[in-house]
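# Examination of the molecular architecture
Residue strings, one per chain:
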Amino acid sequence: MSSSNAGAHGAAASGAGRRAAQVQLQAELASDDDWNRFLNRDGLLVVDVYTEWCGPCLGMVGNLKKIKVEIGGDDLHLAVAKADTIDCLKRFRNRSEPTWMFIAAGQLVNVVFGADAPRIARTIEEELRNEQLVKKGERERPKRAPHELTPPEQEVADMREKLTKERKAREAEAREVARRERREARAARLEVFFSDVCAALVMPHAQKHLRKVADALEPYGVVIADKCPLVVGRQGARLLGAEDEEMSSEAVAAVLAERPALALLLKKLPDKEGDVISLSRCALFGDGNEQTEGPQKKYPCQELRADNLPGLYVPRDRHQRAAALDLLFPKMVSALVEAPMPPEPPHVALVFGAWQRRAVLSAAQRCPTLLLRYGFFADGNLQEPRLLCKTVEQYEERLEKDYCETIVLMVAVGVADPALVEPDAPVPDGPPEELLTLGPLHVSADAVIGEQECARFFPPGYNEPDVKPKPKSKKKKKKRHETKDELEDDGKDAVVETVEEDGEANGEDDGGREVEDIGEGDGEIEGEDAEEEAEEDDAFVADKATSPPPAIV
C-alpha cells in the first residue's frame with residue numbers, strides 16, 4: 001500500500017472516529033428502560049425532553065456539545081428523551097416549548113423551559129459546581145424524584161389548576177343557564193295545548209293498585225284519561241332521575257329498564273278550579289295539605305312504596321310536566337307540537353391552516369363523535385369569517401388556493417347534560433389530543449367563548465344544503481304575422497308569408513329569399529315586453545358573475 005493511500009485511510013478512520021464520538025455525546029432515550037439505564041450514570045445529566053410531533057431542540061446541540069467538551073468532560077452527560085413513550089415524563093407531553101431537565105444521582109435538581117442558550121449554559125455551569133460541592137460534602141443535594149414537580153413547576157401547575165377550575169365553573173354556569181332556557185321554552189310550548197293534563201308514572205310493582213290511585217284523584221276533580229304500559233329504559237330512567245332525585249337511584253333505573261311501568265295521563269275536569277299538577281300532587285303526595293291533629297293520613301305515594309322504591313312519579317312543576325309528556329306520551333305530543341331539538345354539547349373552535357386539511361380530517365375521524373361541523377374560510381379572522389366552502393371535496397375543486405386560507409373545526413369538549421350520560425361512558429374534557437398535537441393556529445379559551453366563536457363560523461342553518469338558484473329561462477320570441485290589410489292601414493311595407501296547400505310554411509318570398517321575421521328591429525320584441533326581458537337578462541348576468549354565495553339562514 002502506498003503512503004498516500006495509507007494517509008487517506010488513516011484520515012478516513014480518524015474522521016469516522018470523530019463522528020462516532022460526536023454521536024456518543026448525546027444519548028437518545030425512547031423507552032422506560034433507556035431512561036432508567038441513563039439515570040444510573042454518575043455526574044450531571046442534562047436531558048432535552050421533547051414530543052414526537054415537535055422534536056428535540058436542534059439549535060442547542062452544538063452549544064451543549066461544546067460545553068461538554070470544554071468544561072463538562074466525563075461529569076456531564078447529554079441526552080434527548082421522547083416524552084410520548086416514557087412514563088416518567090408524561091407531564092411534558094403535547095408541549096412545544098423546549099424542556100431541559102438537570103438530574104444528578106437520580107434526583108431532579110433543576111428544570112429550565114425555553115431555548116435560551118445563555119441561561120442553559122449558566123445553569124449547566126452552576127449545577128456542575130454544585131455537584132462538586134456535593135462530592136466534597138459541602139452541599140446537600142435536593143431530594144426530588146424526576147417525576148415530581150420543582151417549585152417553579154408547582155407554581156405553574158397551581159395557577160393552571162386555578163384557571164381550570166374557573167373555566168369549568170363558567171362552563172357549568174353557562175350550561176345550566178342554557179338548560180333552564182330550553183326547559184322554559186319547551187314548557188311554554190306544550191302549555192298551549194296541554195294546560196289541563198299531566199303525565200304520571202306508576203312503577204311496575206305498584207300497577208295492581210291503580211284503582212287506589214284513581215280513587216285518591218277523584219275528590220280533587222282529576223281523572224285518568226289514558227293509560228298505557230311502557231318500558232321506560234335506562235335513558236328514560238336517567239331523564240326522570242334528572243328531574244326528581246327520588247327517581248335517580250340505580251335500583252329505579254334497573255327496574256324501569258327491565259319491566260314495563262304504567263304511564264298515566266291525568267286530566268282535570270272542566271268544572272274544577274286549580275292547576276292539574278297541584279291537584280294531582282295534593283291527592284297523591286299530600287303536597288300543600290295542612291297537617292291535622294290525630295293519626296296522620298297515608299297518601300298513595302307512601303302506601304305504594306316497596307323495597308325502598310317509589311311507587312309513583314308525578315311532576316312537581318310545568319317544566320317536569322313537559323319532560324314527562326315528551327317521554328311518556330311522545331306520539332300524542334308530536335301530533336300537535338314539533339319534537340324538541342337535541343341540545344348541542346359545549347364546544348370550541350379549532351383553526352388550522354388549510355394546507356393541513358388532510359392531517360386534520362384524518363385525526364378528526366379517530367374521534368368522530370366530537371367533530372360537530374367544519375368548513376373552509378378565507379383567513380383566520382375570528383370576528384368576521386368569510387366562508388369559502390363547507391366540504392373538503394368542494395375545497396379540492398377550487399383552482400386557486402391561498403396560503404392564508406384556514407379550516408375551522410367545531411369540536412365538542414363535553415356533554416350537553418351530564419346527568420343523562422352512562423356512568424362509565426367517557427366524557428371529553430377539552431379538545432382531543434389528536435388535534436392538539438397538529439399545532440392549531442387558534443383554540444377557543446373555553447366553551448363559553450367557543451360557543452360565541454362557533455356561532456360566527458357556523459351560524460344557524462349551516463348544515464342545511466345550499467340551494468342553487470335555477471337560471472331564469474328566456475322568453476321565446478314569437479313571430480308576429482299580420483295581414484295585408486293591417487300593414488296597408490299602418491302605411492308600412494311588408495312581406496306576407498304564403499302558405500302552401502299542404503299547410504306548411506315555405507319560409508320564402510316571391511324572390512326566393514328566406515324570411516325570418518317582420519317588423520322593426522329585425523324581429524326583436526318591441527315595447528315594454530322587450531324592456532322587461534332585457535332587465536331580467538341583466539339581473540341574471542349580474543347575479544351569476546358578482547353576487548356572493550347564497551346567504552346562510
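What comes next concerns the included structure. Just so we're clear, the structure is a prediction, and the values are computed from it rather than from any experiment.

What follows deals with the pattern of salt bridges. One pass over the full model with this rule turns up 29 salt bridges. With a shortest N-O distance of 2.8 Å, R234 and E250 are connected by a salt bridge. Remark: E250 occurs in helix α8 (residues 250-258) and R234 occurs in helix α7 (residues 233-243); sequence separation between them is 16 residues. Sharing partners across several salt bridges, the network here consists of E176, R179, R180 and D417.

Turning our eyes to something else, we now look at the packing of α7 against helix α11 (residues 318-328). Their axes nearest at 10 Å, the elements α7 and α11 cross at an angle of 170°. Taken together, the axis directions place α7 and α11 in an arrangement best described as roughly antiparallel. Across from G236, L239, L240 and E243 in α7, the residues of α11 making contact are Q320, A323 and L327. Counted by class, the contact of α7 with α11 contains four nonpolar, two polar and one charged residues.

Moving on to the packing of helix α6 (residues 210-217) against helix α9 (residues 276-285). Two elements in contact, α6 and α9, have axes whose closest approach is 9 Å; the angle formed by their N-to-C orientations is 120°. Comparing their axes, α9 and α6 come out oblique. The hand of the α6/α9 crossing is right-handed. Residue-level inspection shows V213, A216 and L217 of α6 in contact with α9, the latter providing S280, A283 and L284. By residue class, the composition of the contact of α6 with α9 is five nonpolar, one polar and no charged.

Even without being glycine, D307 reaches a positive phi, approximately 55°. Mapped onto the fold, D307 is located in the loop between α10 (300-303) and β9 (312-313). The phi dihedral of N308 falls on the positive side, at around 65°, and the residue is not glycine. Topologically, N308 is positioned in the loop between α10 and β9.

The next thing to look at is the sheet that holds strand β2 (residues 44-50). Here we have five strands laid out as an open sheet, ordered β1-β3-β2-β4-β5, and mixed in their pairing. Across the chains shown, the open sheet's two edge strands, defined by having one partner strand only, are β1 (26-29) and β5 (107-113). Shown here is a sheet whose adjacent strand axes are inclined to one another by a mean of 25°, direction ignored.

All right, on to the nonpolar core then. In terms of nonpolar packing, the biggest core is built from 27 residues, with L190, F194, L201, L240, M247, L256 and L325 touching the most fellow members. The set of elements that each furnish at least two residues to this core consists of α5 (151-191), β6 (197-202), α7, α8, β8 (261-268) and α11. Aside from chain neighbours lying at most four places away, what touches L325 is L190, F194, A199, L265, P330, M332 and V333. Ranked by size, the runner-up nonpolar core spans 22 residues in total, among them V348, L409, A412 and L435.

Take helix α16 (residues 447-457) next. Listed as buried for α16 are A447, G450, E453, C454 and F457. Mapping the buried residues of α16 onto a view down its axis gives an arc of 115°, with all of them on the same face. On its buried face, α16 is in contact with α5, β10 (347-353), β11 (371-377), β13 (406-412) and β14 (442-443).

It is worth spelling out the pairing of strand β3 (residues 76-82) at this point. The buried count for β3 comes to seven of seven residues, which makes it a mostly enclosed element. Alternating residues of β3 divide into L76, L78, V80 and K82 and H77, A79 and A81, and every residue in both groups is buried. With four bridges joining them, β1 and β3 adopt parallel strand pairing. Looking at β3, one finds that Q26 is bridged to L78. Direction of pairing for β2 relative to β3: parallel, over a ladder of seven bridges.

Let us now look at the packing of aromatic side chains. For the structure on display, the rule yields seven aromatic pairs. Aromatic pair F193 and F194: ring centres 6.4 Å apart, planes at 55°, arrangement tilted. Given a relative accessible area of 39%, F193 falls into the partly exposed group. F194 sits in the buried class, given a relative accessible area of 5%. Between F377 and F457, the aromatic rings sit 4.9 Å apart at their centres with planes inclined by 80°, giving edge-to-face as the arrangement. Here F377 is found in strand β11, whereas its partner F457 is found in helix α16, with 80 residues between them in sequence. Overall, F457 belongs to the buried group, its relative accessible area being 2%. Aromatic rings pair up to connect F377, F457, F458 and Y462 into one cluster. The aromatic ring of Y462 is capped on one face by K390, whose charged end is 4.7 Å from the ring centroid. Here the basic side chain of K401 rests over the ring of Y395, its NZ or CZ set 5.5 Å away from the ring centre.

Here the focus is the side chain of S444. Within the secondary structure layout, S444 lies in the loop between β14 and α16. Side-chain polar atoms of S444 contact the backbone nitrogen of A349, separated by 2.9 Å. Among all residues touching S444, those that are not within four sequence positions of it are V348, A349, G450 and E453.

Calculation rules
Residues numbered from 1 in each chain as written. Predicted model: local features only at pLDDT ≥ 70, side-chain atom pairs only at ≥ 80, totals over all residues. Heavy atoms only, no water. Salt bridge = Lys/Arg side-chain N within 4 Å of Asp/Glu carboxyl O. Helix = DSSP H or I, 4+ residues; strand = E, 2+ residues; numbered from the N terminus. Axes fitted to C-alpha atoms, helices over the stretch in contact; angles between N-to-C directions. Parallel < 35°, antiparallel > 145°, perpendicular 65-115°, else oblique. Contact = heavy atoms within 4.5 Å. Nonpolar A, V, L, I, M, F, W, Y, C, P; charged D, E, K, R; others polar. Left-handed = near helix turned anticlockwise from the far one by under 90°. Pairing = 2+ DSSP bridges. Core = buried A, V, L, I, M, F, W, Y, C linked by side-chain atoms within 4.5 Å. Buried < 20%, exposed > 50% of the residue type's maximum accessible area, 1.4 Å probe, protein only. Arc of directions from axis to C-beta. Phe/Tyr/Trp six-rings, centres within 6.5 Å; stacked < 30°, edge-to-face > 60°. Lys NZ or Arg CZ within 6 Å of the ring centre and 35° of its normal. Polar contact = N/O pair within 3.5 Å; in protein donor to acceptor, adjacent residues only side chain to side chain.

These figures come from the coordinates and say nothing about function on their own.
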